[in-house]
Every structure is written in C-alpha cells, then in structure tokens.
Amino acid sequence: MTADSVARLSGVGLHYGSTTALDRIDVDIPAGKMVGLIGPDGVGKSSLLALVAGVRVIQQGRVEVLGGDMHSRRHRATVCPRIAYMPQGLGRNLYMTLSVFENVDFFGRLFGHATQVREARIAELLDSTGLAPFRDRPAGKLSGGMKQKLGLCCALIHDPDLLILDEPTTGVDPLSRRQFWQLIERIRARRPGMSVLVSSAYMGEAEGFDWLVAMDDGRVLATGSPAELLERTATRDLDDAFIALLPAEKRVGHEVLVVPPRVVRTDGPAIVAEALTMKFGDFTAVDNVGFEIGRGEIFGFLGSNGCGKTTTMKMLTGLLPPSSGRALLFGREVDTRDLDTRRRVGFMTQGFSLYGELSVRQNLVLHAQLFHLPADTIDARVREMVDRFELGEYLDMQTTGLPLGIRQRLSLAVAVIHRPDMLILDEPTSGVDPVARDGFWHLLVDLSRKDGVTIFVSTHFMNEGERCDRISLMHAGRVLASDTPAALMAARGAAKLEDAFIAYLEEATAGAQPEQGARGVSGQPVVVPSAAAVAVESESRAFSPLRLFAYARREWLEVMRDPVRLTFALLGSLILVLILGYGISMDVEDLKFAVLDRDQSPESRSYIQDMAGSRYFLVQPPLTSSAELDRRMRAGELSVALEIPSGFGRDLRRGQGVDIGVWVDGAMPFRAETTLGYVQGMHVDFLQQAARENARVASPQPARLDMRYRYNQEFRSVFAMVPAVIPLLLTFIPALLMAVGVVREKELGSITNLYATPVTRLEFLLGKQLPYIGVSMISFFGLVALAVYVFEVPLKGSLFTLSAAALIFVTTTTGLGLLMSSFARTQIAALAATAVITMLATVTFSGLTHPVSSLEGAGRMIGTFFPATYFLNISRGLFTKALEFEDLRTDFLALLAFVPVLTVISVLLLKKQER
Amino acid sequence: MKIRLLNAWRLGVKELLSLWNDKVLLIMIAWAFSGGIYTASTATSQELHNAPIAIVDEDQSVLSARIAGAFYGPYFKRPDMIAGSQIDAVLDAGAYTFVLNIPPDFERDVLAGQQPGIQVNIDAMRVSQAFIGAGYIQNIVLGEVGEFVQHRRAEAVSPVRLVPTILFNPNLTSSWFGSVMEMINNVTMLSVILTGAALIREREHGTLEHLMVMPLGAFEIMLAKVWAMALVVWIAVGLSLYFVIEGALGVPIAGSIPLFMAGALLQLLATTSLGIFIGTLSRNMPQLGLMMILVVLPLELLSGGMTPRESMPGPVQDIMLAAPTTHFVSFAQAVLYRGAGLDVVWPSLLAIAAIAAVFFVLSLALFRRSLAAQG
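Keep in mind that what you see is a predicted model, and the values were worked out from it rather than measured. Here, residues in each chain are numbered from 1, in the same order as that chain's written sequence. Here every chain gets a letter starting at A, and every ligand a number starting at 1, in the order they are written. In keeping with the model being predicted, local features are shown solely for residues with a pLDDT of at least 70 and side-chain atom pairs are shown and tallied solely at 80 or more, while totals for entire chains, interfaces and linings include all residues.

It is worth spelling out the overall build of chain A at this point. Every helix listed is a DSSP run of H or I at least four residues long, and every strand listed is a run of E at least two residues long, numbered separately from the N terminus. The helix and strand tally for chain A stands at 34 helices and 25 strands. Put plainly, a residue is buried at 20 or more neighbouring C-beta atoms within 10 Å of its own, exposed at 12 or fewer, and partly exposed in between, counting only other residues' C-beta atoms, which are placed from the backbone. When burial is assessed residue by residue, chain A has 54% of its 915 residues classed as buried.

Any residue pair is listed as a contact if its two C-beta atoms, each placed from the backbone, are within 7 Å. In this assembly, 125 residues from chain A lie in contact with 121 residues from chain B. It is helix H26 (residues 669–693) of chain A that contributes the most residues to the side of chain A that touches chain B, 13 residues altogether. Across 8 bridges, strand E24 (residues 658–665) of chain A lies against strand E5 (residues 160–167) of chain B in parallel orientation. Across the sheet, valine 664 of chain A pairs through a bridge with isoleucine 166 of chain B, a residue of E5 of chain B. The criterion for strand pairing is that DSSP finds at least two bridges linking the strands in question.

Residues and elements named next belong to chain A. Read from one edge to the other, the open sheet built from 6 strands follows the order E6-E7-E8-E3-E9-E10, with strand pairing classed as mixed. Only two strands of the sheet have a single partner each, and these edge strands are strand E6 (83–86) and strand E10 (219–224). Direction aside, the axes of adjacent strands within the sheet are offset by 15° on average. Bridge count between strand E3 (residues 34–38) and strand E9 (residues 211–216): 4 bridges; the pairing is parallel. From the neighbouring strand, glycine 36 faces E9, where its bridge partner is leucine 212. Sitting on the sheet, helix H8 (residues 226–233) touches E9 and E10, and the angle it makes with E10 is about 110°. Every axis corresponds to a line fitted to the C-alpha atoms, with the helix fit spanning only the stretch in contact, and the corresponding angles, defined between N-to-C directions, vary from 0 to 180 degrees.

With that out of the way, let us pick up the environment of leucine 910 of chain A. Here leucine 910 of chain A shows up in the segment after helix H34 (889–909). If near-sequence neighbours (up to four positions away) are discounted, leucine 910 of chain A is found in contact with Arg761, Leu765 and Ser822 of chain A.

Our focus in this paragraph is the packing of helix H4 (residues 115–129) of chain A against helix H5 (residues 144–156) of chain A. All names here are of chain A. Where H4 contacts H5, the two axes come as close as 10 Å, and the packing angle between them is 145°. Every pair of crossing elements has a handedness; the one defined by H4 and H5 is right-handed. Touching Leu125, Leu126 and Thr129 of H4 are Lys149, Leu152, Cys153 and Leu156, all from H5. Polar here means any residue other than Ala, Val, Leu, Ile, Met, Phe, Trp, Tyr, Cys and Pro, which are nonpolar, and Asp, Glu, Lys and Arg, which are charged; Gly is therefore polar. Looking at the contact of H4 with H5 residue by residue, the class counts come to 5 nonpolar, 1 polar and 1 charged. Whether a crossing is left-handed or right-handed is set by the direction in which the near helix is turned from the far one by less than a right angle, anticlockwise for left-handed and clockwise for right-handed.

Here we take up the sheet that holds strand E5 (residues 68–69) of chain A. Residue and element names in this part refer to chain A. Taken together, the 4 strands give an open sheet; going across it, the order is E2-E1-E4-E5, and neighbouring strands pair in antiparallel fashion. The open sheet has two edge strands, strand E2 (19–30) and E5, and neither has a second partner. Here strand E1 (residues 5–16) pairs with E2 via 8 bridges, running antiparallel. Within E2, the residue paired with valine 12 across the bridge is isoleucine 25. Helix H1 (residues 45–53) rests against E1, E2 and strand E4 (60–65) of the sheet, and its axis sits at about 60° to E2.

Here we come to the domain arrangement of chain A. Looking at chain A, the domain boundaries give domain 1 (5–93 + 162–252), domain 2 (269–358 + 397–482), domain 3 (545–581 + 715–909) and domain 4 (593–693). Domain start and stop positions are those given by an automatic or database domain assignment. With centres defined by C-alpha atoms, the gap from domain 1 of chain A to domain 2 of chain A works out at 32 Å.

Before going further, it helps to spend a moment on helix H12 (residues 285–302) of chain B. Residue and element names in this part refer to chain B. Counted at 1.5 Å a residue, the expected span for H12 with its 18 residues is 26 Å, and the 25 Å between its end C-alpha atoms agrees. Note that bend, as reported per residue, equals the angle between axes fitted to the 7 residues terminating at that residue and the 7 residues originating from it. Residue methionine 292 marks the point of greatest curvature in H12, where the axis turns by about 25°. Counting buried residues along H12, 17 of its 18 residues qualify, which places the element largely inside the surrounding structure. Of the residues flanking the end of H12, it is glycine 304, one or two places downstream, whose phi is positive at about 95°. Here the expected length of a helix is defined as 1.5 Å per residue gap, with one fewer gap than residues.

Time to look at the nonpolar core. Think of a nonpolar core as buried Ala, Val, Leu, Ile, Met, Phe, Trp, Tyr and Cys residues chained together by C-beta atoms that fall within 7 Å. In terms of nonpolar packing, the biggest core is built from 415 residues, with Ile164 of chain A together with Met292 of chain B touching the most fellow members. The element that contributes the greatest number of residues to this core is helix H27 (residues 717–748) of chain A, accounting for 21 residues. With near-sequence residues (within four places) excluded, methionine 292 of chain B lies in contact with Ala835 of chain A together with Val192, Ile193, Gly196 and Ile278 of chain B.

Residues and elements named next belong to chain A. Both strand E11 (residues 269–280) and strand E12 (residues 283–294) contribute to a ladder of 8 bridges, which runs antiparallel. Bridging from a neighbouring strand, valine 272 pairs with glutamate 292 of E12. Between E11 and E12, which pair antiparallel one after the other, the connecting turn spans 2 residues, and glycine 281 there sits at a positive phi close to 65°.

All names here are of chain A. Spanning 15 residues, H4 covers 21 Å between terminal C-alpha atoms, matching the ideal 21 Å at 1.5 Å per step. Of the residues making up H4, those classed as buried are Arg118, Arg121, Ile122, Leu125, Leu126, Ser128 and Thr129. The arc enclosing the buried residues of H4, seen along the axis, measures out at 165°, which places them on a common side. Directly beyond the C-terminal end of H4, a positive phi value near 75° is found at glycine 130. Arc, as used here, means the arc of the directions from the helix axis to the C-beta atoms.

Next comes the structure, spelled out in structure tokens:
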C-alpha cells in the first residue's frame, strides 16, 4: 500500500444471495482527501463503504484500511477508534428518544472520554454545528438536516482519521445541505490529515469533492478528480459525465428531458386547498396553506424534510382531517369515507408503502386487484408496468432486499397501475439515480400532457422543481412563495432555483427562528482539538466498564422515556400476580354430584348426607335412571355420580357385602383423582361410623394413617401458588423485555453502533442487560409486597436472601432474553419465541405444579436446565419453610452457574460485523 | 358488499404470502402444534406420577417391609429408607413429597387389633401431589395391612365396597388431557400474536396508511387479517389433531372431529378479533408483546384448561364467562373426551359465537376509530 492511500481494495466481491453487490472491485483511495463515491442507488456504494468501515464481513478479496488488513480482527479493533462511520438514512445511528446532548454523550462514553473532556468536546461540536440551542431536544424531533448534523457530531466526537459518510445529505433541504458541506469543509481545514469518504446521489455536490469514484452495477466506472472526469467525457456537468461513463447499453433511451407547454384547461381545478391548517397539540405542522391546481398541471412542492409537505398531502388525500380549512378534489370536499374519489387518485407515500415480504410481481398484482382492474387485463397491465419501470429482472424478488431506487420505482408503478386521473407523489425520486429520475420524469410529463393527469409532487431536488409547471416553496409549515420556477428565480434575481430557494429560506429564518442553525454555523469556528487532547483510554482494551455503562445508561434512558413499556414492565407483573394468585387454584372444590338412589333407605340417605354436607361437593338434583346418569355426565353437568343399589340399607345392617357404584368424570385427570380420593375418604368415614353403631359391620381399618400436611396446614393453594407465581412472572417479563430490546436495535438500524464503534459484544450485551435487571428488581419488590400484604402469604425466611436469589435469577432470565434475541431477526419472532419457550418451560417443567423429580425424559432435562426450577425452590423454601441460605446453597449455586453460561453463548452468537 | 369481501379475500391472500416468507414464525407455528404439544403432554402429568417418597421404619417387621415394598411406579418412586431424625431436613430441602413414619411395634399392635397409627408427613406445598398421594398411600397401606391381617386373622373386612368407574379416560392418562389443553393454549396464543403482529407490521412499515388511500375500508383490512390468520391456525389445529394427538400420542377422540373443528373456527374468529383489538391499542411490537402476556396468560390459566373452573373464586369464574376460551375449553372437553354431540354442546357454541361477534364488532369499531385518528 502506498503511503498516500487511506484504503485499498483489491478483488473485492460481495454477494447477497444470488445478487452481486460488488464485483471484483480494485480501487486505491487517496488519503487526506475528500473522496466521493457517486452513482445511482443499488450499485454497491453503501456496501463498499461498510466494508471499508469494517462494519460488514469481507466475503471476497482484500480490504486494507489505514495500513492493515480489515480481515484481521485485531487490526479492526485497532483502527476502529480511528474510523467514524455514519450509515445511510436520516439519523440511522441515533436514538430518537434521546436528546441531542445525550446522543453525542453516548458516543463520547463509548470512546472512553473522561467527563470533562467529553463535555468540552460536545459543547464545541454542538456550537460549531449550530445544534447548541437544541441541546435538550429529542433526536426524533429534529429536522432532517439537523439529524444529519447530529449524526456528524456523533461521528466526530472521537476525532477520527477516516470519516465515512453514506449519503449524508439525502432528504435534506438545500440550505441545510449547503451548511452541511461548509461544516465538513471547515472541519477539514482544521484537520488536513483527515480523509473523508462520502457517497452521494446528488451529482451537483460531487463537483466540490477532490476525487471521485464513479460506480455502476457493482463495478468502478472511472476514478479521478471532477475536472478529469469532465475532461475525459467532454461534458459540462457531472450528471452528463456520469451518463457518458455508463456502458453504451445503459445509455440507450436516455434523452434530454423537454417539458412541452401545457394546454390550460377550463373545466375547473383538480385540487383546491383553502387555508389548510394542521395542529398537533401546540405544534403547528401546516399553517394556513392554500393553492389551486389545474387539471393536467404538474405542481411541485419544494421543501426540506419535516416542513409540512407530507402533512399537507395527507390532508389532501383525506388521511388526516385538517384542524381548519378545507381541501377539494375535483370539486368535491375530501372525505375519508369517499371511496370513489380514492379510485381516481394514485398515491405514493414517502415511506415505500410496499409489502417487503412480497415479490415485485405480487405487489403489482395485489394492487391491481385491490383497484379492481378486470381480471383478464391484470396480467397485461402488470407486464406493461414492469416494462415501463424496468422491473423485469427483479420480478420475483422480495422487495425488502431491493435497493432504494428500485423500490421507489416499484412504488410509482403501484401508484399508477389503475390509471388514476390524479397522482399525489410524496418525494417520489429521493435516492433515484439521474438516468432513472429523468426516465421517471419523462413518464410524469407523458401522463400530464398526453393523458391529462394532474400531478402533485413534492421533492427536494431543485432540478425537478424546475420541470414543474408551478411550484410552492415550503418551509416550517408555511408556503414561502408560489409561482412558476422562472418567475421565482426572476423575483430573487437568481440564476438557479436553488439559489432562489436559499434566498427565500434565509429571509424566512432570519427572524426569530434559528431553526436551521444558520447563525451558529456562520458565527463560530469549528474547534477540533488535536488527538492528544482527547482522553482516549481503554479503546482497544478487551473489556471496558466505561463502554458497558455507556450502553447501560443509554438503554435506561430509553426505557424511562417509553412510558408504556415501563408501565407494563412494572405494573404488568403486579396485575398478573393478582389474576394468577386468585385464579389458579389446585384446590378441588364445589364438585357437582348427583345420586341414583335405588334404595331410599335411612342408611342410603345418611350416606348421601355425608357427602352433601362436605364443602367439596355441590348436590345436584337426584338421578332417576342409568340413562340420565350417562347423559348428564356426558354433558359435563356432573363431575361425580353415585349409584346406591337397592337393598343397601338391609345388606349393611346384616353385614352382607354390597357394592356402591361411583362414576367420576375422567376428562381432567387431576380433578378425577382428587374426587376419587374425597369419595373414598368419606366412604371410610361412613363405615367407621357404621361400625361403631352396628357391631355386625366390621371395622374397615386394622390401622390408622395420620396425615400431617406440613408448611400449609389449611391446604390452601394460594400459599403454594403465590411463591410460585413470582418466579413465573420474573421469567416472562424480563426475558421478553430483553429479547425485544436487542432485536429492536437490529430492526431500527442502531445496531450499526455495535459494528462501527470499539464497544465489544460483551459490553454491548451486559450494558443492555443492566437496566432490565434494575426494572425487574423493582417489580420483584412489588411482587413480594403484594404477596405479603394482599395475599397474606407470610415471608418466613429472610428477605435479603430472597432478594439476592431474585437478583441472580433476573440476571439469568434477562440472559435468556438475550439468547433468544440472537436467533430472532424481527421483534415479532423474538416475542413469540420467547413467550412460547419461557411459558412452556416455566409452567410445565420447572416444578410449578409438579416437582421436577417427578418429570421424565425431555421434560426432566428441560426442568433441570431451566433456571426457574431453582428459583422456585428458593422462593417456596423462603416463603413457607423458613429456610436459611445454608439449606438452599445448591439451588443458589445452580442458579449462579446459568449466568456465565448464558452470557457466553449469547456473546458467541452475536456478530460484531454485518453479514 | 361483494366487492368488499373480494378485497378482504385478496388482502388475506397477501397476509398468507407474507407469513409464508417469515420462516421463523412458520417454524414456531409448526413446533407449537407438533413438538410443543407432544413434549408438554408426555412429560407432565396432572395426576400422581413418580412421587418421591421416604419411609422411616422403626418397626423393622415383616409387615413394615411389606408396606415399603408396596410403593412402586408409576405412582411412586421406590421409597428411600431414612432415619427418624432426618424427616425435617429432607422435607425442608424438598427432597420428598411424602415421608411415612412406621412406629415401633406396629405389626404387633395391628395383630392385637389396637389400630396403631402410621404418621404420614406431606409437603403440602406440592399441592398437586399432596392430596391425591395421601389417598393412594392410605389405600396402599391399608390394603397391605388388610391382606396381612387376613392371613393371620379370620375376620371379614369391609362389607361395603366402593366400585369406582372413571368415565372417558379409564386409566386417567394425563397425556389425553394435557395434549388437548396445550393445543387450545396454542390456538389462543398464536392466533392473537399472528393477527396483532400482522397489524402492527403494517403500521410500522407504513403500509397501513397506503391501504387507507386505496378504495378500502377498515372492515376489509380487518377481515383480511382475521380470516387469513384464523385459517393458518385452523389448519394447524386440524393437522395436529390427526397426526400428533390421535397419531403420535394415541389419544382416542370420542366425539366428532368436524364438530370440534367447527367450534375451533368460531373460537379463532374471537381470538383473531382480540388480536386486532390488542394490535390497535399498542403502537409497536414491544408493547404488543407485553399486552399479549397480560391478556393471553389469564385466558389460558383461568379458563378451566389448567385447573378446574369450579375451584376458582366466584368473581373470577363470572368474569371468565366473558372469555371465549372458557367456553371453548368446556366445548373441547365435551366433544373430544366425552363424545358429546351438537345437542349437548350447542350452548357453548352459541356463547363462543356471541362472544366472537361482540369481539369482532368492538375491534372493528376501535380499529376504525384509530384509523381515522391516526392520519
């Protein structure tokens, strides 16, 4: 590797299933430069960046970064603190419920900065990015541009030598975008040695980079400075240069877009908005917006993410009833229930509203069917859409795995499949490459001019705004200006629409709102202390308590900010213990019984009386025939029936043998056994009694049995159940909370922080586990209080011993949750699997109803290797038997043994890199 | 209406396709209805099984040896002989459920007709074994003593005999009970999870919003999920009944399987509607999971499938009458074990149907309201 290259890739290939993301890439990335990766979506830019960042597992070839092989785990651990990686998507690596400060603080802690250094650095970073005024605002409530700046702060906190930014400005308004690049420029000016590797879909931005890598289809098309590329292709801007660099067959069909003039129609406007206002609480999302869109017009909405475009569109479609004002489509007021209007409108929402689990074809067919296209035309229509949007090669692939741009093409195909009169498109082209975008606009223009379809489109691409018949510039819920693009540019004397927009924006934000942080950026210099000033300790150590606590602290904050999760975690177990404690009763009482008394003698009546007087039985109307007995048993009306033969009294008096028939409902074996026990007991009592009264009746018993029911003299199941339900609930809820906690990060994408920062798997897992152990312990004390004060089950043993056992136990059950989370990919799967496994194992195999020693086979094995078994023993021993720690030593040891085992397995199963 | 049903049909097919692509969930369903039921029903026993027992033999006579020899499987483990001083310790440690103490001179006193007593110490915390086991011990000990006495004394024993007949499950095989109850538990749990999760997934992925801008109403969206998920679980129930419960476990099914399946369908309508209800109330997956536990666990434990309903406190019994599972459990027991026909079980079926209808309408109302409010 030459001294001046920061990363070198040779023969690098990457495949997702049968898809090739990178195809034998060879490239040398120069150090100390701003290097841009340009190309459409889905060509492998993100994959390449992830490989360089060490976030993704290398499948093929060699990747050398900062002077070492990224294949080596040791090298990765060494260089990881020198690399910063910001994944694609607005705030993908941020935690939305945490405030701006807490987010940066978390990363600072991960890199082991001491408190003072950290706070000073955070203050500097927030000042220089203009985020300082929003220090305490949750990340989720920031605008797109601010989220990206916050992401940058988080990436810069540890002073990296290599900064990797994956599409940092996608979806950000032009002013914020310009500020973002200015910020990067200033940071580089301060730290000339830092290499920046950026991917971008905006070719305009790439002109300012030092060196470019143009990519297409998993291959590198060309490398060099922007000037070199322009010269080589003899083009004037990078958009054209890129198209020129494409292989010949890809350029086919591309032509410069010309928008033909619109023929103004007079049959009334298609869309009318009158003073639309939308308030969420005290936040005004859309403020008094009005416009009129003619039929067949292409009307553009320009603005940044979060400026109210989407909310306005939702009000137009009837998804959201406006707080005030009204909207009309084709002269009819928008009404949620009006299904006919919906049939005339095609809608494309911002979040690709496709079924990720379905294939491209299945998505198209489903929508065609839902719009009731005639069955015989569906095939043809789907084929037509597939051809038009070039979806042929993806036809039978699941949409989840497709690149952004292709998913959006499919979204559009779905929106127009039913030939609507009007199209409402919310950011249809963000993330789509220039060629496809031009193709897409060709289609829109076609639809508008030839078919007279009205198109209402929102975008943050200025060159798309220029193609609209009229546009509205939107910012912070208000329309800044509304006219034809040419008129807007003329009004501001600007040569480009972007400059005109920025002029309008600056005018709007110059007032009381420092929303975009304009002053912060212009006012203060970026101060990036030298690496020596940053207290970097323990970064490459195998285990750092600081990083562990950083994760624990963050998770704790998240749980505390999610009131629903917290309430359920705490109150849920209390509610359940009430239900279960009162509900599950192993007592068998109130058994319905009836007698077929064929004797009707004083003796038979006395026999029946004995049973009827017992609290265990409820007498039902007597039986009159065997057939009735059969029928009522079958219907479940009776649990037990007696048949006393005729001559019972006479035979008893004579001391002759006589049989009494007992029928017991065996449907529930446990109940049947108990019932039989009751009947036999009563039968013996009756005979004893009879023997005393009548010498001819022999005593039934040559010996007595004295039953001593220990620990629970009254034989009430609540004393047995409550101490058992506590372990049950301490298994479920902690395991579930934990499992979901980890899988959630996988789903939301913040798991990237595990891949990209020096945190180890053990620190990550234990850090996440700690808060849940805390929450579980709180709920444990609540449970004990309920048991003692509400159920009046006295705690005979020591509370301290019980708490110690509970602490170990919730550590194992949260560990179990961790283990489950390593298998599951989705939160649903994690939930279901955890629920089934813990429920089955705890209820049936851990001794809740039957001692483990009575189980056999697999059940016995599960019981032996399930922590609840041991905690159940401890809980019962302490609650009812007044045992001491000494008596429970083996259970404690067994419980303790689970902790390292579960943790080690979880660590082994968790991956430190993405596959 | 026809169009709406057609929409519901197509959306439902979509649900099935989505489920087909989620292999983890599929494996879960398959396991729950096969291996899950099999292990749960073979490994556990609701009746006395292998109860651990110890004997303190202070008599050391022929009779006491005979008594000790009379305890064997499957009800009891072979008894361990321990010393009298160990009784408290072994019970505290939970090593045995029963400890018999045969006093000195027991045999002599029996033969002398003095009715000597044997002390039986029972760990009453093991509620399920304690009472039934005590009855067995009484029978076994008295049987042995009686037989012993008969050889030595020519005196007639008990003239009045009790002749028990256990109906529907003559040997009280626990797997007959356990398997079907486990299946019912799985029906409740999976149908609620699958439907609730299908709804949340749409909400989280933004596709719900997309459905709403199409000419579709809340009714179709909900019905689609209800029928698709109910069908999946229903088929699983059918297969599991034939291949696992009747096949692998050899449980004889007394009644009509079509009747049971019809009842199961009604039950699934109720539980899937419940799934929609819960899915509407919760905003994301973790919330759904917690909510699930709060709802499903009581449904499973309090409906009479685990412990007899009549032993629960009165208010609990009354409240549980509003739960479909309560009626479904009694319906399933009547049909599958007792061979009851429609003439017997129609009240349960009616109750399930009524509850299902109420659940469906309530869930639909809530779902519709949440769609309107959400935007």
